[in-house]
Amino acid sequence: MSKLKYKIIPEGMLHDIFVPMSAVFIDYADVKACNLTMREACEKIAATIPGPAGYNMFDMTATTTNSDGVMIDGSMTCMAASDYGKINKDFGYLEMVEVPYSEELIKEEPHLKQWKKSYPDRRLIMGPDPKVKKIPIHNATLTGRAGNNNSATEMMHYITMEELLLPITGQIQIMKDGKVELGGTGYVISVGIGMVVGEEYGRIVPHRQFKCGTSAHNSGEYAKFLKSHIPVIAADKSELVKYIIQALQTGVIPGKDIGASPAVLSVARHMGILPDFDNMTQASLDELADVGFTKEWITADVEKLTPEEIIARAHEIIPGIDNPKKYDVSEVVQVKYIEV
Amino acid sequence: MKLMHTKLPEFIRKMKVAAATKGSTYKECEVVGLENLKTAKMQSLRTGRIEQAVEDLAKMEDVYRVEVAVIPRIPESMHSAIVRGFDKDGNPVHAVLETINILHPTEDVLIHDCPDIDDRRPPIGNH
């Protein structure tokens, strides 16, 4: 008998936010140590949870991108959703794909220039293979009342219709026992989510459907409301900012290579980096301006700061999250073990 | 015959007839999930099989009523949103077509507490 470790945020109130279904976080290294397949690990944990739950498994030795196209030190390997102790056989489980390096890939997805500079020895694991998944549009798993969507960054309850936003950088903090912020998603992040990059195996949208510099939301003044009301568990801003600085130091340009989200733009201007306005659509500029990130704001002659200074002042520099409260991960998750 | 389709009202009537007549006593059958459809053609091959399923349950002595819930087999469905503007006389004068993808609960919400389940559906992709 082995013991499989996992972390769980149980369904219900978590400090000041409501978690609509249990969220489970599993380390792929622990699964391998128990000689289980990824699906078996999810099923064994699911058997102990009677209510709706989502499962996100991470390989912390791999890399992937967040929705801005910023690369991070860890990636999901699979996602699942369970209810009544079971995972739906058709729709409840989905694995992510490893993408091999090629010059063609970097040409088509230039944000991945970061890969060999920031994480040269790591496997790149992106979203699921569109040809394998059984639902037509979203990268989602579903069982009963539980939904785990957009490659495990949104968990939603299909009866109460309540939702939780889990940006992957926040989940990486959960895996690392780091620091997170809880609050409301708010207007700024709602707009920022729309500033995507094109990826063949995108964790949110496949087939390079959206070009960097455009807005996936493309809905004008309505974009800021799309996710604003949803509770969020995000990385502590001092941690998020490290990834953005690291990306910008590799030479990627906001609005051309990586998404010109408010968070990216807020860091870039203190590093003296301007977005590629010529490559950005008017719709994306309008959505940014609608939440205060006008061209005048983006190009303002602000104080140039070192990376260390930006990290130290991250909470002042990075916008977003309504009523944010900072927590150590140990105050947010429970660590549990099951015998397998 | 495989390609023929059944009218929606006929589909509903067939289910009610099967439940009402095939058991040892009269049993009610409610068809739910199709309320939003005013007109539709229902796959005949499957109509017969669902009638058979209703009959099978109606014949069971511990069954007092039957329900046929029709939900999307794939729990994400893509729809068109037809946004139309009408003039003062009620004639459509402008339209915008958009899509909206809808995620639904899976069948587990209806069967999780049912002790006897006979899944007669073909595998996805094999319909």
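Refer to the structure printed above.
What you are looking at is a predicted structure, and each value in this text was computed from that prediction instead of being measured.

1. Remarks on helix α7 (residues 237-249) of chain A
Along an α-helix, a turn takes 3.6 residues, which lines up residues three or four apart on a common side.
Residue and element names in this part refer to chain A.
Thinking step 1. Under the 1.5 Å per step criterion, the end-to-end length of α7 is 18 Å for 13 residues, consistent within 8% with the ideal 18 Å.
Thinking step 2. Within the span of α7, buried status applies to K237, S238, L240, V241, Y243, I244, I245, A247 and L248.
Thinking step 3. Positioned one or two residues after α7, G251 has a phi angle of 100 degrees, which is positive.

2. Description of unusual backbone geometry
Residue and element names in this part refer to chain A.
Thinking step 1. Although it is not a glycine, H15 sits at a positive phi angle of roughly 50 degrees.
Thinking step 2. Examined against the element boundaries, H15 turns out to sit in the loop between β2 (12-14) and β3 (17-19).
Thinking step 3. Its relative accessible area of 35% is what places H15 among the partly exposed residues.
Thinking step 4. One non-glycine residue, H207, adopts positive backbone phi at about 65 degrees.
Thinking step 5. Within the secondary structure layout, H207 lies in the loop between α6 (186-193) and β16 (231-235).
Thinking step 6. Overall, H207 belongs to the partly exposed group, its relative accessible area being 45%.

3. Let's talk about the interface of chain A and chain B
Thinking step 1. Taken residue by residue, the interface counts 18 residues in chain A and 17 residues in chain B.
Thinking step 2. Taking both partners together, chain A and chain B bury about 1,500 Å²; carbon and sulfur atoms supply 68% of that area.
Thinking step 3. Of all residues in chain A, A:Y84, A:F91 and A:I137 bury the most surface against chain B, accounting for 31% of the area lost on that side.
Thinking step 4. Taken together, the connections running from chain A to chain B amount to one salt bridge.
Thinking step 5. Split by residue class, the side of chain A that touches chain B holds nine nonpolar, five polar and four charged.

4. Considerations on the pairing of strand β12 (residues 146-149) of chain A
Taken residue by residue, a regular strand's side chains alternate between the two faces of the sheet.
All names here are of chain A.
Thinking step 1. Burial of β12 is two-sided: the residues A146 and N148 facing one way and the residues G147 and N149 facing the other way are all buried.
Thinking step 2. Where strand β11 (residues 141-143) meets β12, three bridges bridge the pair, whose relative direction is antiparallel. Bridged to T141 within β12 is N148.
Thinking step 3. Linking β11 back to β12 in an antiparallel pair, the connection comprises two residues, with G144 at a positive phi of about 55 degrees.
Thinking step 4. The pairing of β12 with strand β13 (residues 154-157) spans four bridges and is antiparallel.

5. Section: the pattern of salt bridges
Thinking step 1. Following the criterion strictly, the structure yields 28 salt bridges over all chains and no others.
Thinking step 2. Through salt bridges with shared partners, a single ionic network connects A:K89, A:D90, A:K134 and B:R73.

6. Notes on the packing of aromatic side chains
All names here are of chain A.
Thinking step 1. Tallying each qualifying case throughout the model produces three aromatic pairs over all chains.
Thinking step 2. Note on Y101 and W115: the rings are 5.5 Å apart at their centroids and 65 degrees apart in plane angle, and the pair reads as edge-to-face. Residue Y101 is located in the loop between β10 (93-95) and α3 (103-108), and its partner W115 is located in helix α4 (residues 113-118); the two are separated by 14 residues in the primary sequence.
Thinking step 3. Note on W115: relative accessible area 4%, which makes it buried.
Thinking step 4. Seen from their ring centres, Y187 and F225 are 5.3 Å apart, and the 85 degrees between their planes marks the pair as edge-to-face. One end of the pair, Y187, is in helix α6; the other, F225, is in the loop between α6 and β16, and 38 residues separate them in sequence.
Thinking step 5. The partly exposed category is assigned to Y187, whose relative accessible area is 42%.
Thinking step 6. Against the face of Y101 rests K116, its NZ or CZ located 4.8 Å from the ring centre.
Thinking step 7. Over the ring of W297 we find R269; its NZ or CZ atom is 3.5 Å from the centre of that ring.

7. Focus: a nonpolar patch on the surface
Residues and elements named next belong to chain A.
Thinking step 1. Taken together, the side chains of Y187, Y222 and F225 present a nonpolar region at the surface, about 350 Å² in accessible area.
Thinking step 2. By the element assignment, Y222 lies in the loop between α6 and β16.
Thinking step 3. Classification of Y222 as exposed rests on a relative accessible area of 56%.

8. So, the pairing of strand β6 (residues 92-103) of chain B
Residues and elements named next belong to chain B.
Thinking step 1. For strand β5 (residues 76-86) and β6, the ladder comprises eleven bridges, and the chain directions are antiparallel. Paired with R84 across the bridge in β6 is A95.
Thinking step 2. Adjacent in sequence and paired antiparallel, β5 and β6 are bridged by five residues, among which G90 carries a positive phi angle near 90 degrees.

9. What about helix α2 (residues 44-58) of chain B?
Residue and element names in this part refer to chain B.
Thinking step 1. End to end, α2 covers 21 Å across 15 residues, agreeing with the expected 21 Å (1.5 Å per residue, within 8%).
Thinking step 2. When α2 is considered as a whole, its buried residues turn out to be T47, V54, E55 and A58. Viewed end-on, α2 has its buried residues packed into an arc of 100 degrees, placing them on one side of the element.
Thinking step 3. On the buried face of α2, the contacting elements are β1 (5-7), α1 (8-22), β2 (28-32), β3 (41-43) and β4 (65-69).

10. Brief notes about the nonpolar core
Residue and element names in this part refer to chain A.
Thinking step 1. Grouped together as the largest cluster of nonpolar side chains are 64 residues, with contacts concentrated most on I9 and I233.
Thinking step 2. A total of seven residues in this core trace back to one element, the largest contributor, which is α7.
Thinking step 3. Setting aside chain neighbours within four positions, we find I233 in contact with I9, L14, I17, L164, L165, L166, P167, G170, I174, V180, E181 and L182.
Thinking step 4. V31, I45, A53 and V340 belong to the second largest nonpolar core, which has 23 residues in total.

11. Re empty space enclosed by the protein
Empty space among the atoms becomes apparent when a probe as large as a water molecule is rolled across them.
Residues and elements named next belong to chain A.
Thinking step 1. Within the structure shown, the criterion is met by one cavity of 30 Å³ or more.
Thinking step 2. Counted as a void, the largest cavity has a volume near 120 Å³.
Thinking step 3. Around the largest cavity sit 14 residues that line it, and V196, V197, E199, I204 and V205 are the ones nearest its centre.
Thinking step 4. Tallied by class, the residues present in the lining of the largest cavity amount to five nonpolar, six polar and three charged.

What counts as what
- Residue positions are given per chain, counted from 1 along the sequence in the order it is written.
- The lettering of chains begins at A and the numbering of ligands begins at 1, in the order of writing.
- Side-chain atom pairs in this predicted model are given and counted only at pLDDT of 80 or more, local residue features only at pLDDT of at least 70, and totals for whole chains, interfaces and linings cover all residues.
- Neither water nor hydrogens contribute to the side-chain values; these are computed over all heavy atoms in the structure.
- By the criteria applied, helices consist of DSSP H or I runs no shorter than four residues and strands consist of E runs no shorter than two, each listed in order from the N terminus.
- To estimate the expected span of a helix, subtract one from its residue number and multiply by 1.5 Å.
- Throughout this description, buried means an accessible area under 20% of the type-specific maximum (1.4 Å probe, protein chains only), exposed means over 50%, and partly exposed covers the range between.
- The contact criterion used is simple: two residues touch if any of their non-hydrogen atoms lie within 4.5 Å.
- Take the accessible area each of two parts loses on contact, using a 1.4 Å probe, and add the two losses: that sum is the buried area.
- Salt bridge, as used here: a side-chain nitrogen of Lys or Arg that lies within 4 Å of a carboxyl oxygen of Asp or Glu.
- For this classification, the nonpolar set comprises Ala, Val, Leu, Ile, Met, Phe, Trp, Tyr, Cys and Pro, the charged set comprises Asp, Glu, Lys and Arg, and every other residue, Gly included, is treated as polar.
- A pair of strands is treated as paired once DSSP finds two or more bridges between them.
- Centre distance within 6.5 Å is the pairing criterion for rings of Phe, Tyr and Trp, where only the six-membered ring of Trp is used; planes under 30 degrees apart are then read as stacked, over 60 as edge-to-face, and the remainder as tilted.
- Lysine and arginine charges are scored as sitting over a ring when NZ or CZ, respectively, is within 6 Å of the ring centre and within 35 degrees of the ring normal.
- Patches here are clusters of residues that have more than 30% relative accessible area and form no salt bridge, with a 9 Å joining cutoff for like charges and a 5 Å cutoff for nonpolar side chains (Val, Leu, Ile, Met, Phe, Trp, Tyr).
- Computed with a 1.4 Å probe, the accessible areas rest on the Shrake-Rupley method; for each residue, only the protein chains presented here act as cover.
- Each C-beta atom gives one direction from the helix axis, and the arc is the one those directions make.
- Nonpolar core, defined: a set of buried Ala, Val, Leu, Ile, Met, Phe, Trp, Tyr and Cys residues in which side-chain atoms within 4.5 Å join the residues together.
- A cavity here means a set of points on a 1 Å grid, drawn over the protein atoms and nothing else, where a 1.4 Å probe fits but cannot get out; a pocket is an open set with protein on both sides within 12 Å along at least five of seven lines, and a residue lines either one if it has an atom within 4 Å of a point.
- Grid points are joined across faces, edges and corners, and a volume is the space filled by probe spheres set on the points.

From the geometry alone we can't say anything about function, so treat these as descriptive.
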